[in-house]
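Take a look at the letters that make up each chain.
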Amino acid sequence: MRHDGALRAAGACETVRQVSDWDIVLRGGRVIDPESGLDAIADVAIEGHRVAEIGPGLGPARAEADVTGQVVAAGFIDLHSHVNTIAGLRLQALDGVTTALELEAGVSPVRVAYQAAAADGRPVNYGFAASWALARMEAVAGVPLDGRLDTLLGNMAAAEWQREATPAEVTAILGRLSDDLADGALGIGVLMGYAPAASPGEYLQIAALAAAAGAPTFTHARDMIELAPRTLIDGAEEIVRAAGETGAHMHYCHVNSTSQRHIDRVLGVVSRAQAAGSRVTTEAYPYGSGMTGIGAAFLAPERLGERGLTPSSLTFAPTGERVASEERLRELRRDDPGGLVIIKLLDDDDPADRAMLMRSLTFPGAIVASDAMPLTWTSPEPDPLAWPLPGTAITHPRAAGTFSRALRLLTRDTQTSGAAPIRLTDALSKCSLLPARVLQDRVPAMRRKGRLQAGADADVVVFDPATITDRSSYADSTRPSAGIRHVLVNGAFVVRDADIVPGALPGRPVRAEPR
Ligand SMILES: [Zn+2]
């Protein structure tokens, strides 16, 4: 409800004020909205779950926060988060994330995943794509599906689901994906790089299905031709070809990690496709190492050399060990194929590697997305609402630090990044507006996210642009970011004065209209 200035000016009594004031006013911050071009000192008034008004001198509110000297912006939308627990999503919230979406791997059935998240509650908004990998595991290898990512990770190393599918199996895969799209899946996640024997024709059929449904696809690319000369088709060429041939919106996940030292070639391929009118979008995260299940096809001992890796390039998260030998790698892949492993791809300490990594972030239209991985507990998993986290969880530092690190490297710490600084509004666009635009044709409600405007969802981040930084590292992977003062999700504080608000679970589903 809007306050009535006339009533207050006339000396309205306290009861009238109570029903007429804003719920929250964030007062005196530097308000930045990349879409409208707003970058000015202003107050932001929130009523219910929406931004009610932005402007100078807004009237009193039931709760006020002085945010002088801070930037106030739309909360970050993470298109690539495999985190699906309250604990992990709180780490993301402390990094400014207000919407965390599982789009690359996806889940199936999505209906089950949405129900489970709603039943537990989530600190940030959540949503899911349909999962090609799980649909394939079901159709080709008979794996029963339960709406959980663990099912995908646990079956990742099994050879059977990765083989070429028969036409009947492809039909079954497409059927499962269609069902999930009809149930409101945000798009189709395609882990093509995990089943390299799947035919390029199957990929085109998936893209055609997505195009017909008006849904984007999110691809972990097949192998680069430079890394695996016998690949059925170069991973980058496959993505842009699908966009050109089917008209589908192809989103290219983490170009930094799948391209390795071929980032410039891949970005050239994408640029040409974009110039030709194809809808191809890209994302990247600012870390030289990747992380996935140790059972991944490309981590087979006999294939490590393709990427210039050795077993010692791998650090196995559940035990913290550097993998000592091919024999140990085989053992871990057999015993715990879904166990998460850090893979050293580019060297974060090498200036040339860092500069290459930054080109994946500064590329025009490139989106910041974390690829946040689930927490692996080395002690019994604590109560879901426990906070602070016991220091016994391991993940990739990108889960806790991607957005703060990207903002630091893009706008401020250019000596470290080796890249020319970009404007803060352009960096924020990569974190909020551009990811919202990837989804808004499929989900019109996304037009109210990624913007800080009257009528937008009150998903807001308040941070100090001079100090915002990641603090997580490979050795201390769950250390929260610093410099972020407040985070609101649907008008409720999830982070207040740089700490988690106990019990705050205001996250809502982001979902296409089920048919
Ligand atoms: Zn991936």
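Throughout what follows, the structure given in this document is the object of discussion. These numbers come from a predicted model, not from an experiment.

Section: the side chain of serine 131
Within the element layout of this structure, serine 131 appears in strand β8 (residues 125-131). The contact partners of serine 131, leaving out residues within four places of it in the chain, are Ala105, Gly106, Val107, Ser108, Leu152, Leu177 and Gly189.

Description of the nonpolar core
Trp132 and Phe463 are the most contacted members of the largest nonpolar core, which has 139 residues in total. Per element, the largest residue contribution to this core is 7 residues, and it comes from helix α8 (residues 200-213). Those residues within four positions of phenylalanine 463 in sequence are excluded, and the remaining contacts are Gln70, Val71, Ala73, Leu407, Leu424, Leu428, Ile468, Gly483, Ile484 and Arg485. Core analysis: the next-biggest nonpolar cluster, separate from the first, contains 16 residues, Ile24, Ala65, Val67 and Leu488 among them.

Some words on helix α14 (residues 398-411)
With 14 residues, α14 extends 18 Å from end C-alpha to end C-alpha; this agrees with the ideal 20 Å at 1.5 Å per step. Remark: the principal bend of α14, roughly 35 degrees, maps to serine 404. Along α14, 13 of the 14 residues are buried, which leaves the element largely enclosed by surrounding structure.

Here we look at the sheet that holds strand β10 (residues 217-219)
In any sheet, the strands associate via hydrogen bonds between backbone groups, in a parallel or an antiparallel arrangement. The sheet built from 8 strands is open, its strands ordered β6-β7-β8-β9-β10-β11-β12-β17 with parallel pairing. Every interior strand has two partners, whereas the edge strands, β6 (76-78) and β17 (367-368), have only one. Bridging between β6 and strand β7 (residues 97-107) involves 3 bridges; their strand directions are parallel. Among the inter-strand pairings, phenylalanine 76 is bridged to a residue of β7, identified as valine 97. In this fold helix α5 (residues 132-141) packs onto β7, β8 and β9 (188-190), with an angle of close to 45 degrees to the strand it touches most, β8. Helix α9 (residues 235-246) rests against β10, β11 (250-252) and β12 (280-284) of the sheet, and its axis sits at about 155 degrees to β11.

Side note on the environment of glycine 288
One can find glycine 288 in the loop between β12 and β13 (289-293). Counting along the chain gives 61 residues from glycine 288 to aspartate 349, while the straight-line C-alpha distance between them is 8.8 Å. If sequence neighbours within four positions are ignored, glycine 288 has contacts with Ile343, Leu345, Leu346, Asp348, Leu357 and Tyr474.

Some words on the side chain of arginine 408
Within the secondary structure layout, arginine 408 lies in helix α14. Looking at arginine 408, the relative accessible area reads 12%, which means it is buried.

Some words on unusual backbone geometry
Between serine 108 and proline 109 the backbone carries a cis peptide bond, its omega angle lying at -10 degrees. Inspection of the secondary structure puts proline 109 in the loop between β7 and α4 (110-120). Proline 388 follows tryptophan 387 through a cis peptide bond whose omega is 0 degrees. Summarising the element assignment, proline 388 is placed in the loop between β18 (376-377) and β19 (393-394). Notably, histidine 254 is not glycine yet its phi reads approximately 25 degrees, a positive angle. Considering the arrangement of structural elements, one finds histidine 254 in the loop between β11 and α10 (255-259). Positive phi is not limited to glycine here, since aspartate 371 has a value of about 55 degrees. Summarising the element assignment, aspartate 371 is placed in the loop between β17 and β18.

Focus on the pairing of β8
By the criterion of burial, β8 is predominantly enclosed, with 7 of the 7 residues buried. As paired elements, β7 and β8 share 5 bridges and run parallel to each other. Across the sheet, threonine 99 pairs through a bridge with asparagine 125, a residue of β8. Assessed by its sense of winding, the connection that carries the chain from β7 through α4 to β8 is right-handed. When β8 meets β9, the two strands line up parallel, connected through 2 bridges. In the sheet register, serine 131 faces β9, and the bridge partner there is glycine 189.

What to know about the sheet that holds β13
Read from one edge to the other, the open sheet built from 4 strands follows the order β13-β16-β14-β15, with strand pairing classed as antiparallel. Two strands lie at the open edges of the sheet, namely β13 and β15 (321-322), each paired on one side alone. When strand β14 (residues 314-316) meets β15, the two strands line up antiparallel, connected through 2 bridges. Bridge pairing in β15 places threonine 315 opposite arginine 322.

Brief notes about the coordination of the zinc ion
Protein coordination of the zinc ion is provided by Glu104 (OE), His220 (ND1) and His254 (NE2), with donor distances spanning 1.8 to 2.3 Å. With relative accessibility at 4%, the residue glutamate 104 sits in the buried group. Take histidine 254: its relative accessible area is 1%, and that puts it in the buried class.

Analysis parameters
Residues numbered from 1 in each chain as written. Predicted model: local features only at pLDDT ≥ 70, side-chain atom pairs only at ≥ 80, totals over all residues. Heavy atoms only, no water. Helix = DSSP H or I, 4+ residues; strand = E, 2+ residues; numbered from the N terminus. Contact = heavy atoms within 4.5 Å. Core = buried A, V, L, I, M, F, W, Y, C linked by side-chain atoms within 4.5 Å. Buried < 20%, exposed > 50% of the residue type's maximum accessible area, 1.4 Å probe, protein only. Expected span 1.5 Å × (residues − 1). Bend = angle between axes of the 7 residues up to and from the residue. Pairing = 2+ DSSP bridges. Axes fitted to C-alpha atoms, helices over the stretch in contact; angles between N-to-C directions. Right-handed = clockwise from strand over helix to strand, strands pointing away. Donors = N, O, S within 2.8 Å, 3.2 Å for Na, K, Ca; no water.

Taken by themselves, the reported measurements are silent on function.
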